[in-house]
Amino acid sequence: MRVLLLGGAGFIGLHLARRLVSDGHQVTIVDDFSRGRDDADLDRLRGEPAVRVVSADLTAPDTWATLPSGWDQIYLLAAVVGVRNVEQDPARVVRTNTLVALHLLDWVAPGERVFFASTSEVYAGGVTAGWVPVPTPESVPTTISDITAPRFAYAASKLLGEAAFLHTARARGFDTVVGRFHNVYGPRMGADHVIPEMSLRALRGVDPFPVPGADQYRAFCHVDDAVEAMLRLMANPAAAGQIVHIGNDREETNIGDLAKLVLTVAGVSPVIEAAPAPPGSVARRCPDLSLLRALTGYEPAVSLEQGVRSTFSWYREHGGR
Ligand SMILES: NC(=O)c1ccc[n+]([C@@H]2O[C@H](COP(=O)([O-])OP(=O)(O)OC[C@H]3O[C@@H](n4cnc5c(N)ncnc54)[C@H](O)[C@@H]3O)[C@@H](O)[C@H]2O)c1
């Protein structure tokens, strides 16, 4: 297949690119490197004859005019993500995430197949309000509980993308799958997310060791599992036009226990200090994966302990970058 990865130098994108190349496909990565890194991992991939890397801003109309067409699969991963980015500059989140999605919609050709990367944040307001069950299926109402809070700029941009892709695909004759990721983690995901952030603090020997939101529950999904789910969904015509939750529902953990696991893996034993959760984060998040399983037969394969070990090792080997 010829596969286009928009935002392909980022965390999920690079893992997906590696898997596609090892499966024998041709991959073009487009990224502006605002968050994705032009590092040794990307360089190794760039050395493959099947890989092309384009450095370009997908909010710019000129970028789209230069991209070739005729793709078997297109993955839209490019977005401004991460609580810190959203809190610091919500306007950039709205602008980038919306423009990239709308440019792709104007550009995609009939017959092509697009994966739109969305998020569990689109229904998080309903979890906090108590009207959304956990584990959460796709059918629950999406809820922006406070549009004036910067955090919701991200959810709003993804909700707009979901609606735009689902309805435009129907009208314009291309296929689309909306995948809502739930706490995907793994090597090379930056320093902002909880597992890398704890790993880096453990490597620095931080003691006492604050654990924000220690009593909150999450179900973490290793990136290899997320990639497997994406590929299976994109290979199944029955997934077209559907919103599908992607994650790992097998090992919900509270953040306090996650901290203990990271510290055990790191071989350190600082004093753990429970701290308040970041404002607006849900008390519990876990996807209902019935639809994903029914469509693809997917089962998560990487245990939390295996995943934390491999992620910790990566951050140790890369000197805490
Ligand atoms: N990682 C998760 O747990 C998670 C959870 C929910 C949703 N998602 C979604 O999945 C997608 C991938 O997430 P990720 O964790 O790999 O994030 P990431 O930040 O690592 O990857 C996004 C990539 O998009 C690129 N990008 C941003 N703006 C761009 C622009 N204007 N032009 C070109 N490239 C641009 C960045 O440089 C980055 O490499 C995102 O859309 C995100 O919203 C991820």
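Residues numbered from 1 in each chain as written. Predicted model: local features only at pLDDT ≥ 70, side-chain atom pairs only at ≥ 80, totals over all residues.

A. Focus on the sheet that holds strand β11 (residues 242-246). Spatial ordering of the open sheet is given by β3-β2-β1-β4-β5-β6-β11, a layout of seven strands whose pairing is parallel. At either end of the open sheet lies a strand with only one pairing partner, and these are β3 (51-55) and β11. Going from strand to strand, the sheet's axes swing by 20° on average, the running direction of each strand aside. In the sheet, strand β5 (residues 113-119) pairs with strand β6 (residues 175-181) via seven bridges, with the strands oriented parallel. What sits directly across from F115, in β6, is V177. Those strands touched by helix α9 (residues 223-235) are β4 (73-76), β5, β6 and β11, and its axis lies near 160° from that of β6. (Pairing = 2+ DSSP bridges. Helix = DSSP H or I, 4+ residues; strand = E, 2+ residues; numbered from the N terminus. Axes fitted to C-alpha atoms, helices over the stretch in contact; angles between N-to-C directions. Contact = placed C-beta atoms within 7 Å.)

B. Layout of the nonpolar core. In this structure, L5, L6, L76, F115, A226 and M230 are the most contacted members of the largest nonpolar core, which totals 88 residues. With eight residues, α9 is the largest single contributor of residues to this core. For A226, the residues in contact, after removing those within four places along its chain, are I12, F181, V184, C221 and I246. (Core = buried A, V, L, I, M, F, W, Y, C linked by C-beta atoms within 7 Å. Buried ≥ 20, exposed ≤ 12 C-beta atoms within 10 Å, placed from the backbone.)

C. Structural detail: the site of the ligand. Surveying the vicinity of the ligand reveals 27 residues, the closest of which are G7, G10, G36, A79 and V184. For the shell around the ligand, the elements supplying multiple residues, two or more each, are α1 (11-22), α5 (90-107) and β5. Tallied by class, the residues present in the shell around the ligand amount to 14 nonpolar, nine polar and four charged. (Near = placed C-beta within 6 Å. Nonpolar A, V, L, I, M, F, W, Y, C, P; charged D, E, K, R; others polar.)

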